[in-house]
Amino acid sequence: MYKISIIIPILNEEIFIDRILSFFTNSEFPPHEIIVSDGGSEDFSLQLVRKYTSVKIHHSSKKCRATQMNEAAKLYATGEVYYFVHADVVPPKTWFTDIQESLKEKSNIGGYRFKFDSNRPLLRLNSWVTRFNTLSFRGGDQTVFISSALFKELNGYKDWSIMEEYDLIKRAKESGSKYKLIPKDVLVSARKYENNTYFKINLANLLAWVKFRLGVDHRKIKESYFRMINPPKS
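Residues numbered from 1 in each chain as written. Predicted model: local features only at pLDDT ≥ 70, side-chain atom pairs only at ≥ 80, totals over all residues. Heavy atoms only, no water.

Caption draft 1: Highlighting the environment of S118. Locating S118 in the fold gives a position in the loop between β6 (109-116) and α5 (121-129). Once residues lying within four places of it in the same chain are set aside, the contact partners of S118 are L123 and A190. Within polar-contact distance, the side chain of S118 engages the backbone nitrogen of R120 at 3.2 Å. (Helix = DSSP H or I, 4+ residues; strand = E, 2+ residues; numbered from the N terminus. Contact = heavy atoms within 4.5 Å. Polar contact = N/O pair within 3.5 Å; in protein donor to acceptor, adjacent residues only side chain to side chain.)

Shown next, in the form of structure tokens:
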């Protein structure tokens, strides 16, 4: 079996961090190691992480999710596979065997579909389209597993402040890797929609995607994105 390093980037995630760490540490197949990479949390996130004595904590040099994940992988991860997981999601209970089977099928990068923790009809539509294996329907909230060899070959994530997972998957595919879309769902928090309208969020997402495909600088994409929406509540 492949050794798996879980890498969780956080910034003020006291609401969710205990849930995801409990999920992994109590998993039927616990991961090889868990690394939490903190971008400078000012809430009780790190106090909650420290309850889990086996979890490694990395204090990132920069408040940037891509940087946090890159540094954690480079400085701490020893697994043959890296599994990048946002704090506010919950993977299927079968995550370990799903990843093992995908790797045996020669897919060295992949992730899941998603569903929101909400019954709002329009959000169910967003969840439904993630069953299609195209780059436009991917994202970091679906979690990303990648072999350490491929991650190093690609020099990890680019230090972007937005769209970093899209770019990693795009470069992996261009290198000849096969992306595995596992036909199961991660549960994703709908908190982004709590203080934004559905249409505003989806318009902002669409424009960010179009700008990414056009090669617009990631800093400009982030600036315009957060001009359109209110950031999610921590």
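Caption draft 2: Examining the pairing of strand β2 (residues 33-38) more closely. Among the 6 residues of β2, 6 are classified as buried, and the element is accordingly described as predominantly covered. With burial as the criterion, each face of β2 is covered, one bearing E33, I35 and S37 and the other bearing I34, V36 and D38. Bridge count between strand β1 (residues 4-10) and β2: 6 bridges; the pairing is parallel. Bridge pairing in β2 links I8 to V36. Note on the crossover from β1 through helix α1 (residues 17-25) to β2: the handedness is right-handed. (Buried < 20%, exposed > 50% of the residue type's maximum accessible area, 1.4 Å probe, protein only. Pairing = 2+ DSSP bridges. Right-handed = clockwise from strand over helix to strand, strands pointing away.)

Caption draft 3: Looking closely at the sheet that holds strand β8 (residues 179-188). The strand order across the open sheet built from 8 strands is β3-β2-β1-β4-β7-β6-β8-β5, with neighbouring strands paired in mixed fashion. Every other strand in the sheet has two partners, leaving β3 (56-59) and β5 (89-90) as the edge strands with one partner each. Helix α3 (residues 65-75) rests against β1, β2, β3 and β4 (81-84) of the sheet, and its axis sits at about 145° to β1. On the sheet, helix α4 (residues 95-104) packs against β1, β4, β6, β7 (144-147) and β8 and is oriented at approximately 120° with respect to β1. (Axes fitted to C-alpha atoms, helices over the stretch in contact; angles between N-to-C directions.)

Caption draft 4: Fine view of the pairing of β4. Burial of the side chains of β4 extends over both faces: V81 and Y83 are buried on one face and Y82 and F84 on the other. The pairing of β1 with β4 spans 4 bridges and is parallel. Counterpart to S5 in the pairing with β4 is Y82. In the sheet, β4 pairs with β7 via 4 bridges, with the strands oriented antiparallel. Each bridged residue has a counterpart across the sheet, and for Y83 the counterpart in β7 is F145.

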